[in-house]
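The residues making up each chain are set out below.
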Amino acid sequence: MRTEIYTKYVDYLYFQRPYTDFGEMMKEKIRVVDLYVSYDGVQALKGITVSIPSKRITSIMGPSGCGKSTFLRSLNRMIEIIEEAKVSGAVYLDDVNIYDKRVEVTWVRKKIGMVFQKPTPLPMSIYDNVAYGPRIHGVRDRRELDHIVRSVLMKVGLWDEVKDRLYEPATRLSGGQQQRLSIARALAVKPEVLLLDEPTSSLDPISTLKIESLLRELARDYTIVIVTHNIHQAKRIADYVLFMYLGRLVEYGFAREIFSRPRNEATKKFVLGKVS
């Protein structure tokens, strides 16, 4: 029964979702210019230049070790947590280069939120997990915090599931619920961009379905960039695909075109499952 529901959902999502014209798709939100990243002198990213469209889902794909997660972490300066990482080039959020020395990293990570591969609930209540970010950014009024918590939990489809146990430890939630909570926590500080690094890789198919459906809904209001090893997932949810190989950007375009008519031989082999 679950398999049948999942298959019907996939068919609906892939074949029925509306596609927009090229001009709307290419309204730019992030522009990456000549981005290089190295670890202890070993080059991980090699001169990537690309534009990421606003309020769409862009999927970053490529074989293991090609630089996908490094690229994702470069988009909100999380890469700087790694001491040996060296970055050059520019990443523009609208017209602001986030690597400009005058730009504060707290501002960058407020505007560009991130969700990791493994659900990461903080060791506190469900309520406090969501309220943590707003409090860090100065929100103290209880009514405002209550409104934020309720609204983002509703947005990720968790409110009805947890409204009667908001003060229980978040670690009691299921894996899928914890990942939706992680997304709610990112949304609580009102970002413009949401980065996700393989957010469903540790989840069961039903939880994966819920996250994918949620991301399609969120793409109406947020720019979403997701790393996924799952080609089928990218087919289901991505508007745009960025294919990387050996630290370089190999191919970039509409998801449907990349999957049906890849121009580069490396992309073609990956799409056909000949490279993993």
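Because the structure is predicted, anything quoted here is derived from the model rather than measured. Sequence order sets the numbering: in each chain, residues are counted from 1 along the sequence as written. Confidence filtering applies because this is a predicted model: local features only for residues at pLDDT of at least 70, side-chain atom pairs given and counted only at 80 or more, and all residues used for totals across whole chains, interfaces and linings. Hydrogen atoms and water are omitted, and side-chain values are computed over all heavy atoms in the structure.

## Overview of the overall build of the protein
Here's step 1: Assigned secondary structure in the protein consists of 12 helices and 10 strands.
Here's step 2: Taking all 276 residues of the protein together, the buried fraction comes to 51%.
Here's step 3: Within the protein, counting contacts between residues at least 6 apart in sequence, those at least 24 apart form 69% of the total.
Here's step 4: Just so you have it, the protein exposes about 13,700 Å², and 50% of that area is on carbon and sulfur atoms. Numbering of helices and strands runs from the N terminus; a helix is a DSSP stretch of H or I covering at least four residues, while a strand is a stretch of E covering at least two. With a 1.4 Å probe rolled over the protein chains alone, any residue whose accessible area is under 20% of its type maximum counts as buried; one over 50% counts as exposed, and the rest are partly exposed. Only heavy atoms enter the contact rule, under which two residues are in contact if any of them lie within 4.5 Å. Areas reported here follow the Shrake-Rupley algorithm with a probe of radius 1.4 Å; residue values treat only the protein chains shown as occluding.

## Looking at helix H6 (residues 142–155)
Here's step 1: Spanning 14 residues, H6 covers 20 Å between terminal C-alpha atoms, matching the ideal 20 Å at 1.5 Å per step.
Here's step 2: Taken residue by residue, H6 has Leu145, Ile148, Val149, Val152 and Leu153 as its buried positions. An end-on view of H6 places all buried positions within 115° of arc, on one side of the element. Exposed and facing more than 90 degrees away from the buried side of H6 are Arg143 and His147.
Here's step 3: On its buried face, H6 sits against helix H5 (126–136), helix H7 (159–162) and helix H8 (175–187).
Here's step 4: Polar contacts, as used here, are pairs of N or O atoms within 3.5 Å; protein pairs need one atom able to donate a hydrogen and one able to accept it. Residues neighboring in sequence count only if both atoms are side-chain atoms. Put simply, aspartate 141 is the residue that caps the front of H6, since its side-chain oxygen is 3.2 Å from the backbone nitrogen of arginine 143.
Here's step 5: Looking one or two places after H6, you find glycine 157, whose phi comes out positive at around 75°. Each helix should span, by expectation, one fewer than its residue count multiplied by 1.5 Å. It is the directions from the helix axis to the C-beta atoms that the arc portrays.

## Observations concerning the sheet that holds strand S7 (residues 193–197)
Here's step 1: By this definition, two strands are paired if DSSP reports at least two bridges between them. An order of S6-S7-S8-S3-S9-S10 is seen for the 6 strands of this open sheet, with the pairing classed as mixed. What marks the edges here is a single partner per strand, and that holds for strand S6 (112–115) and strand S10 (248–254). Geometrically, the sheet is characterised by an average inter-axis angle of 20° between neighbouring strands, direction not taken into account.
Here's step 2: Contacts from H8 reach S6 and S7 within the one sheet, and its direction differs from that of S6 by about 165°.
Here's step 3: A fitted line through C-alpha atoms represents every axis, and for helices the fit uses only the stretch in contact; the resulting angles, taken between N-to-C directions, go from 0 to 180 degrees. Sitting on the sheet, helix H9 (residues 205–218) touches strand S3 (57–61), S7 and strand S8 (223–227), and the angle it makes with S8 is about 150°.

## Re the sheet that holds strand S1 (residues 28–39)
Here's step 1: Strand order in the open sheet made by the 4 strands is S2-S1-S4-S5, with antiparallel pairing throughout. Every interior strand has two partners, whereas the edge strands, strand S2 (42–53) and strand S5 (96–97), have only one.
Here's step 2: Here S1 runs beside S2; their pairing, made up of 8 bridges, is antiparallel. Residue pairing across strands places tyrosine 39 opposite valine 42, the latter belonging to S2.

## As for the side chain of arginine 236
Here's step 1: Here arginine 236 is to be found in helix H10 (residues 231–237).
Here's step 2: Engagement of the side chain of arginine 236 in a polar contact is seen with the side chain of glutamate 212, the distance being 2.8 Å.

## Here we look at the nonpolar core
Here's step 1: We call a set of buried residues a nonpolar core when its members are Ala, Val, Leu, Ile, Met, Phe, Trp, Tyr or Cys and they connect through side-chain atoms within 4.5 Å of each other. The biggest cluster of nonpolar side chains holds 37 residues, and the ones touching the most others in it are Leu153, Ile183, Leu194, Leu215, Leu218 and Ile224.
Here's step 2: Mapped by element, the contributors of at least two residues to this core are H5, H6, H7, H8, S7, H9 and S8.
Here's step 3: Ile52, Val108, Val193 and Val227 belong to the second-largest nonpolar core, a separate cluster that totals 33 residues.

## Observations concerning the packing of aromatic side chains
Here's step 1: The rule is short: rings of Phe, Tyr and Trp, with Trp giving its six-membered ring, pair when the centres are within 6.5 Å, and they are stacked under 30 degrees, edge-to-face over 60, tilted in between. Using the criterion set out here, one finds 4 aromatic pairs in the structure.
Here's step 2: Measuring from centroid to centroid gives 4.7 Å for tyrosine 240 and tyrosine 252, while their planes differ by 85°, and the two rings are edge-to-face. Note that tyrosine 240 is positioned in strand S9 (residues 240–245) and tyrosine 252 in strand S10, a separation of 12 residues in sequence. The pair formed by tyrosine 240 and tyrosine 252 is uniform in burial state, with each residue classed as buried.
Here's step 3: Considering the side-chain rings of tyrosine 240 and phenylalanine 254, the 5.2 Å spacing of their centres and the 75° angle between planes classify their relative orientation as edge-to-face. Within this pair, whereas tyrosine 240 is found in strand S9, its partner phenylalanine 254 is found in strand S10, the two being separated by 14 residues in sequence.
Here's step 4: You can call tyrosine 240 buried: its relative accessible area is 5%.
Here's step 5: Of the aromatic side chains, those joined through ring pairs into one cluster are Tyr240, Tyr252 and Phe254.
Here's step 6: Only lysine NZ and arginine CZ atoms are considered, and such an atom sits over a ring when it is within 6 Å of the ring centre and within 35 degrees of the ring normal. The cationic tip of arginine 31 hangs over the ring face of tyrosine 92; the distance from NZ or CZ to the ring centre is 4.4 Å.

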